[in-house]
Amino acid sequence: MKIIVCVKRTPDTTTQIRVKPDKSGIEQDIEWILNPYDELAVEEALKLKEKNGGIVTAISLDPDANNSVLRRCLAMGVDEACLLKGGKNYDSYSVAKLLADEIKQREYNLVLFGKQAIDDDNYQVPSMVATLLDVPWVSVVTKVEVNGDSVCATRQIEGGEEIMETKFPCVISCQRGLNEPRYPSLKGIMLAKKKEIPVKEIASLPESVAVTGHEAPSPRPPGRIVGEGSGAVKELVRLLKEEAKVL
Amino acid sequence: MKDFDPDILKIDDLLTDDEKMVRDTIHQFVNKRVKPIIGKHYMEGTFPKHLIKEIADLGLLGANISGYGCAGMNNVAYGLCMQELERGDSGVRSFASVQSGLVMYPILAFGSDKQKETYLPRLAKAEIIGCFGLTEPDFGSNPAGMLTKCVKKGSKYILNGTKRWITNADIADIAIVWARNEKNEIEGFIVDKKSKGYEAREIKEKLSLRASDTGELILEDCEVPEENKLPFTQSLKSPLMCLTQARYGIAWGAMGAALDCFEEAVQYSKTRVQFDKPIGAFQMIQEKLVYMLEEIVKGQLLALRVGRLKDENKYNHAMVSLAKKNNVFQALTIARIARDILGASGITIEYNCMRHMCNLESVITYEGTHNVHTLVLGNYITGIDAFK
Ligand SMILES: Cc1cc2nc3c(=O)[nH]c(=O)nc-3n(C[C@H](O)[C@H](O)[C@H](O)COP(=O)(O)OP(=O)(O)OC[C@H]3O[C@@H](n4cnc5c(N)ncnc54)[C@H](O)[C@@H]3O)c2cc1C
Ligand SMILES: Cc1cc2nc3c(=O)[nH]c(=O)nc-3n(C[C@H](O)[C@H](O)[C@H](O)COP(=O)(O)OP(=O)(O)OC[C@H]3O[C@@H](n4cnc5c(N)ncnc54)[C@H](O)[C@@H]3O)c2cc1C
């Protein structure tokens, strides 16, 4: 079985983001990671391969042609990787178009995505790619079962689960709970080091959106000590209910 | 959230991308799998055995060996692994050091092809665990005086003696045992725990390395088949070569424990308020934090330099003595300072510094005591051997 996983480089969730002085974006000298939802997709691909055999290819579109997340995918056990260079200030459709153009040139049974990228949270690319490929898709999936050429995917819906069945080829986007991503093994890292990651200059699309500014969120209001000991519980509960409105 | 970078000298820039990936992988593993459970194991005095397979799956065991199912990393990447493991606990690092440097290495360096093929892949996967028996009740710093004897009898060797303070003794399937032959040379053996006359006993009442298995090996007419003798040893030089391997890893590991103590002390100093200020505002606390940072940076550069020299095959045991001696001593000093900065909180298992501090009291003793490394270096400088 041939599986393609699309992965994105996103800022580390624990890194301190700073907006550039000209507000055109964020400072780039931060820690970057493989988008955590994409990591679920990589893990699922590897598990499916281990069970059913096949080959897993990771594809990443990166404006700076940075291949660090693809190295991580290879270290986790992905067979081959491909870096598409470009895509600055592209909207979801342009990104989806570029990915779909690449995927169309390849043989595949299944294309896996994370359900969203944690940086710009658009949730759109997987379904757009599926549409452009003209294949079925299931999103926000927490369980995948493959039986011959049919796939059974459980997806999260408000207050419950929905179980969908479709046939290869198809697109699935992955949600937390699907699996527990493995650590790259040290052997995997050494093997990954030896693998070439081809870089493809992609046809440049016109910049579809113009970023006019970035603003850092306003600083959080400082914490407050309501009181001490069990006597403070009542007041704390009242404030959580009435002020913070979280209870 | 980290708001200052302890890597003040950008030592990171001296590492390759894959070295950093290796380090970050082990870092994540330790944060997720070791840190949350280690305090409990320490208090109960148990080694977290359930981590053995996970550590093996990561490829940590014998990671700097090429072939035999091992990762084949360079020595710097291996050192970074030891640093990250010991950030968790010296006991967990000790497990990996012993399996890699003191069990797999001697089989690789002094073993026959058959021994290598039989044992190395299984040790890498942790299908079998090993220990290293050099120290005896009466011979620690002076292993040359060992009493354990081996006598050849037909196609077997008969071993008699006691080895004490042996890491992994109680959980080991095989022991690398060093014994004196009739010609007064030291020989090495791969001893199966099922051998007749072999017994391992755990040493329970320790105040240090409580999350590590330490024990005793009792060899009473212990029968070892001839083919389990390591064929290519050169008397005492061979176990000392093993120690050089493990000491190299310890030089890195100690800095991991130091980093964990330092980060804990920084965090505490910024949040603990006394006299209406965070204690980090007091000059005496700042001075202590500065000392820690200075020594960590120096220790890391030292370990890194020795690692690069090891990778270039230009290293020697005196360099390793320098790195082990300095880094463990400074890590212990740093752990003690951190303990002090944390006040009463510092004596509890909720924080890490006192656990690290107690652990490092063993690390400064094993693999050559602080004094022993001083005398190795004294000999290097003067050409005069103070041991004789
Ligand atoms: C937790 C733990 C795990 C261990 N694991 C292993 C293991 O897996 N395998 C193994 O073989 N051993 C192991 N050891 C043993 C360790 O290597 C010895 O403890 C160490 O070599 C010191 O020997 P000793 O304890 O007998 O101390 P001694 O040699 O009796 O030394 C006592 C003191 O005298 C000092 N001293 C000794 N000789 C001199 C001298 N000539 N000049 C100045 N000072 C001197 C020492 O520095 C030390 O301060 C372990 C020890 C510990 C604590
Ligand atoms: C086992 C144990 C038993 C105890 N028993 C008792 C008891 O019976 N009764 C009792 O009342 N208390 C008791 N204590 C409490 C003990 O007196 C306090 O722990 C001690 O006063 C230090 O306070 P702290 O732990 O809050 O540390 P902190 O005051 O928070 O100090 C933390 C660190 O900051 C340093 N520091 C603080 N202020 C300054 C400054 N201005 N300049 C420079 N450095 C500073 C300290 O030296 C320390 O290194 C006990 C403590 C322990 C550990």
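The structure presented is a predicted model; accordingly, all values stated were derived computationally and were not measured.

Asker: Hey, could you run me through the site of ligand 2 in this one?
Answerer: All names here are of chain B. Looking at ligand 2, the residues that line it are Arg272, Gln274, Phe275, Ile279, Phe282, Met284, Ile285, Asp340, Ile341, Gly343, Ala344 and Ile347. Within the backbone of Ala344, one N or O atom sits 2.8 Å away from an oxygen atom of ligand 2. Protein chains shield 43% of the accessible area of ligand 2, which is 960 Å² for the free molecule. Counting only elements with at least two residues in the shell around ligand 2, the list comes to α7 (283-311) and α8 (317-341). The class makeup of the residues in the shell around ligand 2 is 8 nonpolar, 2 polar and 2 charged.

Asker: Hey, could you run me through the site of ligand 1 in this one?
Answerer: Residues and elements named next belong to chain B. Near ligand 1 you find 18 residues, and of these Thr135, Ser141, Trp165, Thr167 and Thr369 are the closest. The side chain of Thr369 places a nitrogen or oxygen atom 2.6 Å from an oxygen atom of ligand 1. Considering ligand 1 on its own, with 970 Å² of exposed area, one finds that the protein chains cover 67% of that surface. Secondary structure elements with two or more residues in the shell around ligand 1: β5 (156-167) and α10 (370-382). Counting residues per element, the shell around ligand 1 draws most heavily on β5, at 3 residues. Per-class residue counts for the shell around ligand 1 are 8 nonpolar, 9 polar and 1 charged.

Asker: Help me out: how do you make sense of the interface of chain B and chain A in this one?
Answerer: Much of the literature gives interface size as the accessible area that the parts lose upon coming together. Across the contact, 23 residues belong to chain B and 14 residues belong to chain A. Summed over both partners, the interface of chain B with chain A comes to about 1,500 Å²; 65% of that surface belongs to carbon and sulfur atoms. The closest approach of N and O atoms between B:Lys32 and A:Glu180, which form a salt bridge, is 2.9 Å. Inspection of the chain B/chain A interface yields 4 residue pairs in polar contact (both at pLDDT 80 or more). Listing elements by their share of the side of chain B that touches chain A, those giving two or more residues are α1 (17-44), α2 (51-58) and β2 (70-71) of chain B. In terms of residue count, α1(B) provides more of the side of chain B that touches chain A than any other element does, 9 residues in total.

Asker: Before we go on, may I ask you to explain the sheet that holds strand β9 (residues 160-167) of chain A in this structure?
Answerer: Two orientations exist for strands paired in a sheet by backbone hydrogen bonds: parallel and antiparallel. Residues and elements named next belong to chain A. Spatially, the 9 strands line up as an open sheet ordered β9-β8-β7-β10-β6-β1-β4-β5-β11, and their pairing is mixed. In the strand order of this sheet, the two ends are held by β9 and β11 (199-201), each with one partner. Between one strand axis and the next, the sheet turns through 30° on average, direction left out of account. Sheet strands in contact with helix α1 (residues 36-52) are β1 (2-7), β4 (55-62), β6 (110-114), β7 (137-147) and β10 (170-174), and its direction is about 165° off that of β1. On top of the sheet, helix α3 (residues 92-104) reaches β1, β4, β5 (80-85), β6 and β11; it is set at about 145° to β4, its chief contact.

Asker: For this particular structure, what's the right way to read the pattern of salt bridges?
Answerer: Residues and elements named next belong to chain A. Across all of its chains, the model carries 50 salt bridges over all chains by this definition. Taking the shortest distance from any N to any O, the salt bridge between Glu102 and Arg106 comes out at 2.9 Å. With relative accessibility at 4%, the residue Glu102 sits in the buried group. The partner of Glu243 in a salt bridge is Arg224, and the shortest N-O contact between them spans 2.6 Å. Of this pair, Glu243 sits in the segment after α6 (233-242) while Arg224 sits in the loop between β11 and α6, and the two are 19 residues apart along the sequence. Its relative accessible area of 55% is what places Arg224 among the exposed residues. Put simply, Glu80, Glu102, Arg106 and Lys200 are held in one network by salt bridges that share partners.

Asker: What is the right way to look at the domain arrangement of chain A in this model?
Answerer: Domain boundaries in chain A define domain 1 (2-201) and domain 2 (221-247). The straight-line distance from the C-alpha centre of domain 1 of chain A to that of domain 2 of chain A is 42 Å.

Asker: How should the packing of aromatic side chains be read in this particular structure?
Answerer: Aromatic ring pairs are reported here in terms of the distance separating the ring centres and the angle at which the planes meet. As enumerated under the stated definition, the model contains 8 aromatic pairs over all chains in all. Taking 6.1 Å as the distance between ring centres and 80° as the angle between the ring planes, the aromatic pair formed by B:Tyr105 and B:Phe110 counts as edge-to-face. The side chain of A:Arg9 reaches across the aromatic face of A:Trp32, ending 4.3 Å from its centre. The residue whose ring lies beneath B:Lys310 is B:Tyr248, and the NZ or CZ to ring-centre distance is 5.5 Å.

Asker: Please clarify how the domain arrangement of chain B should be interpreted in this entry.
Answerer: Residues and elements named next belong to chain B. Domain assignment breaks chain B into domain 1 (11-124), domain 2 (130-228) and domain 3 (237-382). When each unit is reduced to the centre of its C-alpha atoms, the spacing between domain 1 and domain 2 is 23 Å. Contacts between domain 1 and domain 2 engage 26 residues on the former and 21 residues on the latter. At the boundary of domain 1 with domain 2, total buried surface from both sides reaches about 1,700 Å², with 66% on carbon and sulfur atoms. Run the count over domain 1 and domain 2 and you get 0 salt bridges. One can count 6 residue pairs in polar contact (both at pLDDT 80 or more) joining domain 1 with domain 2. Broken down by element, the side of domain 1 that touches domain 2 gets its largest block of residues, 11 residues, from helix α4 (residues 90-110).

Criteria and thresholds
- Residues numbered from 1 in each chain as written.
- Chains lettered and ligands numbered in written order.
- Predicted model: local features only at pLDDT ≥ 70, side-chain atom pairs only at ≥ 80, totals over all residues.
- Heavy atoms only, no water.
- Near = heavy atom within 4 Å.
- Polar contact = N/O pair within 3.5 Å; in protein donor to acceptor, adjacent residues only side chain to side chain.
- Areas by Shrake-Rupley, 256 points an atom, 1.4 Å probe, with all protein chains shown as cover.
- Helix = DSSP H or I, 4+ residues; strand = E, 2+ residues; numbered from the N terminus.
- Nonpolar A, V, L, I, M, F, W, Y, C, P; charged D, E, K, R; others polar.
- Contact = heavy atoms within 4.5 Å.
- Buried area = accessible area lost by both parts, 1.4 Å probe.
- Salt bridge = Lys/Arg side-chain N within 4 Å of Asp/Glu carboxyl O.
- Pairing = 2+ DSSP bridges.
- Axes fitted to C-alpha atoms, helices over the stretch in contact; angles between N-to-C directions.
- Buried < 20%, exposed > 50% of the residue type's maximum accessible area, 1.4 Å probe, protein only.
- Domains from an automatic or database assignment.
- Phe/Tyr/Trp six-rings, centres within 6.5 Å; stacked < 30°, edge-to-face > 60°.
- Lys NZ or Arg CZ within 6 Å of the ring centre and 35° of its normal.

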